[in-house]
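Structural characterization, general
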Amino acid sequence: MNAVLDSLAALGRTGLEALARLGRGHVLLLGVLEGLGPLVRRPRLLLVQLYSVGVLSVLIIAVSGIFVGMVLGLQGHYILSRFGAEATLGVMVAASLVRELGPVVTALLFAGRAGSALTAEIGLMKATEQLSGLEMMAVNPVYRVLTPRFFAGFLSMPLLAAMFSALGVYGGWFVGVGLLGVDDGTYWSQMQAKIDLEEDIYNGVIKSLVFGFVCAWIAIFQGYDCVPTSEGVSRATTKTVVHSALAVLGLDFVLTALMFGK
Amino acid sequence: MPSRRRPVKRDVLVRIRGLRFYRGDRAIFDGVDIDILRGKVTAIMGPSGTGKTTLLKLIGGQLRPSAGSIEVDGQNIHALGTRDLYALRKRMGMLFQSGALLTDLNVFENVAYPLREHTDLPESMIRKLVLLKLEAVGLRGARDLMPAELSGGMARRVALARGIALDPMMILYDEPFTGQDPISMGVLVQLIRRLNDAARLTSVIVSHDVAETAAIADDLYVIADGRVIDRGPPAKVKVSGSAWTRQFMQGLPDGPVPFHYPAAPLAGDLFAV
């Protein structure tokens with residue numbers, strides 16, 4: 001009987017803790033968004049973070065984009081050539097990239113590369129009392145530290161996803177046209193004809209904006225809410241990557257269903 | 001007819017009354033009254049884990065008490081709105097144990113930071129002020145170093161220069177002597193006293209380094225188990241009648257605070273199996 005009660009109590013405790021975290025996360029988000037006003041007056045803070053969050057992620061995004069595009073070119077050609085439909089290779093590559101792989105893979109890479117770094121940085125600032133120090137200097141650490149990082153993540157994501165998709169298209173072109181002999185003109189003209197600005201591109205951009213918002217939010221919350229010890233920071237960093245990945249994949253399904261489901 | 005024997009009015013900068021603070025079910029403070037006098041160095045001492053740092057965070061308004069009040073310069077700090085709280089914090093400096101320097105800025109920029117955040121001074125004026133503050137802590141030559149290149153004692157001195165950048169009325173020191181070698185300890189001890197007197201500050205030192213703290217404090221509070229158990233000038237506290245205070249001030253291994261953590265008798269424990 002006791003074992004049942006204990007497990008029930010444990011379940012309740014876990015549930016309450018999760019709920020409390022969710023609440024703290026939303027309160028923090030509110031604070032971060034409030035910081036937009038002060039941030040607009042000091043755009044330099046945002047520029048510095050755009051560099052470290054966005055620009056420094058370009059290399060991994062670019063390389064991954066090219067390789068994903070090349071694999072799409074190979075696999076696509078293998079399947080399409082069975083039906084004699086190699087001509088539509090360009091459409092297949094571009095649609096998969098702008099609709100799905102661009103936003104999703106970029107978000108996953110972003111969580112690993114930039115999200116984890118954000119969490120670790122903020123967590124260490126907390127552990128070394130830098131955030132407390134700012135507060136005692138009458139500087140709001142949420143406005144000063146979190147808001148610029150959040151918006152840097154939010155704004156970088158669609159740009160990085162666009163880069164990923166564009167380079168992926170060239171990767172697919174290199175394999176399909178360069179190596180496997182698909183006609184150059186067909187590759188591009190089919191793509192031009194079949195890829196729709198609203199249906200494909202806009203929806204992809206919306207996805208990456210949502211993913212950017214969620215990934216940046218998770219990263220700064222995990223850093224700000226972490227237990228300020230070395231173990232706490234390492235756990236928070238892991239959580240950022242795991243939660244971001246799950247959130248991105250889950251949201252991708254929901255968004256896809258909303259956008260393309262009839 | 002009103003009485004002529006009025007009590008001497010003391011100039012209290014921080015007035016703590018009936019302070020209670022709980023962490024979970026554990027009472028960190030259980031009815032603490034403290035007066036911190038303007039212009040004096042007040043030390044708050046006690047063994048590790050008595051919530052000394054918590055007390056500073058309560059005074060700085062970073063934590064809320066469960067009951068009781070803390071008035072700083074006549075304002076109840078926990079009744080202030082954010083704007084007033086931040087205005088009051090500009091007039092307080094706090095020296096954290098680790099220094100809490102911003103690791104991505106060099107020494108000069110760290111000290112300049114509060115000036116840049118809170119004033120519109122021209123760059124040339126900021127430079128002069130920063131150099132003067134650094135000169136006061138003896139680190140003008142170290143202005144281009146990064147925090148990672150500083151020793152623990154130097155980092156604290158830079159943090160101190162940053163703490164006095166806005167010419168505050170009060171500085172809170174969190175364990176300023178912990179983990180310092182004798183030389184940098186001596187430097188810090190002198191610096192705290194000198195700064196206090198030269199800049200007409202009020203200093204609050206939270207510490208368990210008895211000798212160093214007692215040497216420079218005007219007023220001493222000893223805290224244990226959530227209560228103030230002794231108070232007064234260091235000379236008076238040192239000869240206190242309380243056995244507990246004697247053990248603490250003289251560093252005796254056994255006394256009211258036993259050497260042994262509570263346990264069953266040794267013989268029974270050894271041959272239990």
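Everything that follows concerns the structure shown earlier in this document.
This write-up is about the structure you can find in this document. (Residues numbered from 1 in each chain as written. Chains lettered and ligands numbered in written order. Predicted model: local features only at pLDDT ≥ 70, side-chain atom pairs only at ≥ 80, totals over all residues.)

If you look at the biggest cluster of nonpolar residues, it comprises 126 residues, and the most contacted ones within it are A:C215, A:I220, B:V111, B:V158, B:A161 and B:L172. Sort the elements by how many residues they give to this core and helix α5 (residues 89-127) of chain A lands first, with 18 residues. With residues up to four places along the chain from it excluded, the contact list for B:L172 reads B:L56, B:I59, B:G60, B:M92, B:M94, B:L95 and B:V204. (Core = buried A, V, L, I, M, F, W, Y, C linked by C-beta atoms within 7 Å. Buried ≥ 20, exposed ≤ 12 C-beta atoms within 10 Å, placed from the backbone. Helix = DSSP H or I, 4+ residues; strand = E, 2+ residues; numbered from the N terminus. Contact = placed C-beta atoms within 7 Å.)

Much of the literature gives interface size as the accessible area that the parts lose upon coming together. If you look at the interface, chain B gives 14 residues, while chain A gives ten residues. Residue assignment for the side of chain B that touches chain A shows that the elements contributing at least two residues are α2 (82-89), β6 (92-95) and α3 (107-118) of chain B. Among the elements that line the side of chain B that touches chain A, the one with the most residues is α3(B), at three residues. Considered class by class, the residues forming the side of chain B that touches chain A number seven nonpolar, four polar and three charged. (Nonpolar A, V, L, I, M, F, W, Y, C, P; charged D, E, K, R; others polar.)

What follows concerns the sheet that holds strand β5 (residues 75-76) of chain B. Residue and element names in this part refer to chain B. Spatially, β2-β1-β4-β5 is the arrangement adopted by the four strands of the open sheet, whose pairing is antiparallel. The outermost strands of the open sheet, each flanked by one partner alone, are β2 (26-37) and β5. With two bridges joining them, strand β4 (residues 67-72) and β5 adopt antiparallel strand pairing. Bridging across to β5, V72 finds its partner in Q75. (Pairing = 2+ DSSP bridges.)

Next up on the list: the sheet that holds strand β3 (residues 41-45) of chain B. All names here are of chain B. Spatial strand order, β6-β7-β8-β3-β9-β10: six strands in an open sheet with mixed pairing. Each edge of the open sheet carries a strand with a single partner, namely β6 and β10 (227-232). Strand-to-strand, the axes of this sheet are offset by a mean angle of 15°, without reference to chain direction. In the sheet, β3 pairs with strand β8 (residues 202-207) via five bridges, with the strands oriented parallel. Of the residues in β8, the one forming a bridge with A43 is I205. (Axes fitted to C-alpha atoms, helices over the stretch in contact; angles between N-to-C directions.)

Residue and element names in this part refer to chain B. Here nine bridges tie strand β1 (residues 12-23) to β2, and the two strands are oriented antiparallel to one another. Note that in β2 the partner of L19 across the bridge is V32. Between the antiparallel neighbours β1 and β2 lie two residues, among them G24 with a positive phi of about 65°.

Before going further, it helps to examine the packing of α3(B) against helix α5 (residues 152-163) of chain B. Working note: a packed helix pair is described by the angle between its axes plus the distance between those axes. All names here are of chain B. Packing of α3 against α5 leaves a shortest axis separation of 8 Å and a crossing angle of 30°. Judged on the interaxial angle alone, α5 and α3 are roughly parallel. Where α3 crosses over α5, the two elements pack in a sense that is right-handed. Note on element contacts: α5 touches α3 through V158, A161 and R162, opposite V107, N110, V111, Y113 and P114. Of the residues belonging to the contact of α3 with α5, the class tally is six nonpolar, one polar and one charged. (Parallel < 35°, antiparallel > 145°, perpendicular 65-115°, else oblique. Left-handed = near helix turned anticlockwise from the far one by under 90°.)

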